[in-house]
Structure formats: C-alpha cells, structure tokens
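# Survey of secondary and tertiary structure
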Amino acid sequence: MNPTTFRAALAGLALAVTLSGCSALADQTVGDDADAAAPAPTTGALHALAQLTVKGPAPMTGYDREAKFGPAWSDTTLAPGSGNQCDTRNDVLHRDLQRITFRGTSRCVVATGTLADPYTGKSIRFVRGPHSAIVQIDHAVALGASWRTGAAGLSQQQREALGNDPLNLLAVSGPANAAKSDGDAATWLPPRAGFRCTYIARQIAVKAKYHLWVTPPEKAAMHRVLARCPDQPLPTDISTGVALPALK
C-alpha cells in the first residue's frame with residue numbers, strides 16, 4: 001500500500017471511531033432523558049396529596065370540641081368491628097408505649113410505660129397521676145384544623161369517628177402537643193425532622209379518609225416535606241384504625 005492510500009485508510013478509520021462514540025453518547029443521553037421523564041409513582045403520600053382538594057380555610061363559626069366531636073376518648077377499638085370496653089386514650093397509650101403496666105386487674109387503664117416520643121425523639125416515662133400530662137394524645141389532623149378544612153360538613157357520627165380514630169391519634173410529648181395546638185403543616189411540624197415524612201403521610205391519610213381538603217399554604221408545606229421522601233407510604237386502617245361510616 002502506497003503512503004497516500006495508507007493515510008486515507010487511517011483517516012477513514014478515525015472517522016468511524018469518532019462517529020461510533022457520538023452514537024453511543026447520543027444513546028446514553030436519550031436514556032438519561034427517559035429516566036428524568038419517568039412518571040411519578042401513583043401510590044403513597046405524595047400521590048395522595050395531589051388528589052386532595054385545595055381550598056381556603058373555612059371560618060371557625062360553630063366550632064365546639066365536645067359538642068361537635070363528642071366526648072373525648074369514647075370507647076373504640078384498635079381492631080375494626082368490635083368494642084373492647086377501653087377508652088381511646090388508653091387504647092393509644094397501650095399501642096404506643098413500651099414496658100407498660102396496668103392499674104388494678106383491668107387491662108384497660110395504663111398505669112406506667114415508656115414513650116419513645118415521635119415528635120422530639122426523647123424517651124419519656126409515663127406515670128398515671130398528677131403528672132400524666134407529660135404524655136398526651138395528639139390528633140395528627142387537629143380537630144380545629146379539621147373544622148377549617150371540611151369537618152364542619154361531616155355528620156356528627158363521622159366527626160366523632162374522626163376524633164377517636166387511632167389513624168389520627170398519636171401518644172406524644174405533652175409540651176410538643178401544646179406547642180402544636182390546632183396548627184396544620186403550614187404552621188407546625190415536629191421538632192424531630194426524621195419523623196416529619198411519617199407525620200405528613202398520616203395527616204394526608206386522615207384527610208383522604210374523611211374527605212377533608214388542604215389549604216394552599218398547607219399543601220405547599222406538605223409537598224416540601226415529601227420532596228425529601230417521595231416514596232413515603234400512607235399508613236393504613238388495617239394496621240391502625242377503626243371502621244368508618246360511609247361518607248356521602
């Protein structure tokens with residue numbers, strides 16, 4: 001092969017290698033774009049949040065904790081379908097505390113226990129008596145907040161279910177619960193950042209179950225939290241709740 005022919009062949013080989021590399025890069029780019037455009041999951045808290053109605057808050061006119069949601073801690077059960085003769089507060093203490101003891105021969109009234117507080121991360125010793133309020137039962141969706149986002153339109157039976165549904169109840173630090181008051185996600189989040197995804201998922205599950213809406217600031221706050229945990233699942237009534245009267 002003469003020098004001219006050899007140089008021409010070498011140039012052709014170099015061009016082929018270059019084009020092959022470009023083709024592989026293009027294929028890789030298309031794959032990256034396809035991954036970026038993959039649809040969001042259609043299950044879990046983030047998807048459920050997108051399905052909730054967004055509206056401004058309703059007025060608090062007519063709100064009365066006991067009159068509208070019934071006596072606190074009515075007898076319900078952690079197992080759907082039957083009562084257990086224990087009030088809801090003790091049911092939740094029984095569920096959420098560890099190393100519990102009971103008062104007397106009854107297995108209803110929790111006398112002592114230890115709470116791994118989900119809101120603060122602290123270990124809290126519960127002893128029934130003058131200092132029982134160190135552990136309180138919080139409504140994940142506060143009842144006042146629920147009134148502002150649709151509970152006023154529920155039946156009395158449905159509101160009482162909401163107020164006593166273990167899906168909506170958590171044993172927590174008393175001071176943290178007091179700090180939350182009737183706040184929603186836009187005004188209060190648990191101090192323990194590692195629990196926020198679980199907390200927001202529970203609020204969304206309650207709102208979906210009882211057909212409550214979210215306000216624009218509330219939805220934005222929920223979305224910010226879930227952006228850090230896009231695969232966060234919803235808690236289910238199978239593991240936490242009571243039967244709910246059908247909503248119309």
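Here's a quick rundown of the structure. (Residues numbered from 1 in each chain as written. Predicted model: local features only at pLDDT ≥ 70, side-chain atom pairs only at ≥ 80, totals over all residues. Heavy atoms only, no water.)

## Here's the deal with the nonpolar core
Inclusion rule: We call a set of buried residues a nonpolar core when its members are Ala, Val, Leu, Ile, Met, Phe, Trp, Tyr or Cys and they connect through side-chain atoms within 4.5 Å of each other. The buried label applies to any residue whose accessible area, calculated with a 1.4 Å probe on protein chains only, is under 20% of its type's maximum; exposed applies above 50%, and partly exposed to all values in between. Helix and strand definitions follow DSSP, with helices as H or I runs of at least four residues and strands as E runs of at least two, each counted in order from the N terminus. Contacts between residues were defined by any pair of non-hydrogen atoms, one from each residue, lying within 4.5 Å.
Judged by nonpolar contacts, the single largest core of 22 residues is most densely connected at Leu49, Tyr119, Tyr199, Ile200, Ile204, Met222 and Leu226. Breaking this core down by element, the ones donating at least two residues are α2 (45-51), β5 (169-173), α8 (196-209) and α9 (216-226). With five residues, α8 is the single largest residue contributor to this core. The residues contacting Ile204, other than those within four sequence positions of it, are Ala45, Ala48, Leu49, Leu52, Met222, Leu226 and Leu234. Core analysis: the next-biggest nonpolar cluster, separate from the first, contains 13 residues, Phe69, Ala161, Leu167 and Leu212 among them.

## A short note on α9
Worth spelling out the cut-off: Within this analysis, the arc is defined by the directions that extend from the helix axis to the C-beta atoms.
The complete set of buried residues in α9 reads Glu218, Ala221, Met222, Val225 and Leu226. Seen along its axis, α9 keeps its buried residues to an arc of 130°; they face one direction. The secondary structure elements touched by the buried residues of α9 are α2 and α8.

## Let's talk about the pattern of salt bridges
Spelled out, the test is: Put simply, a salt bridge is a Lys or Arg side-chain nitrogen that is within 4 Å of an Asp or Glu carboxyl oxygen.
All chains considered together, the criterion is met by four salt bridges. Lys180 is the partner of Asp138 in a salt bridge, and the nearest nitrogen-oxygen pair spans 2.9 Å. Of the two residues, Asp138 is situated in strand β4 (residues 135-139) and Lys180 in helix α7 (residues 174-180); the sequence distance between them amounts to 42 residues. Overall, Lys180 belongs to the buried group, its relative accessible area being 3%. With a closest N to O distance of 2.6 Å, Asp165 and Lys209 form a salt bridge. Note that Asp165 is positioned in the loop between α6 (156-164) and β5 and Lys209 in helix α8, a separation of 44 residues in sequence.

## A word on the sheet that holds strand β1 (residues 98-102)
Heads up, the rule is: Strands qualify as paired when DSSP identifies two bridges or more between them. With axes taken as lines fitted to C-alpha atoms, and helix axes fitted only over the stretch in contact, angles between N-to-C directions fall between 0 and 180 degrees.
The strand order β1-β2-β3 describes an open sheet built from three strands, whose pairing is antiparallel. Two strands lie at the open edges of the sheet, namely β1 and β3 (123-127), each paired on one side alone. Strand after strand, the sheet turns through a mean of 10° between neighbouring axes, direction not considered.

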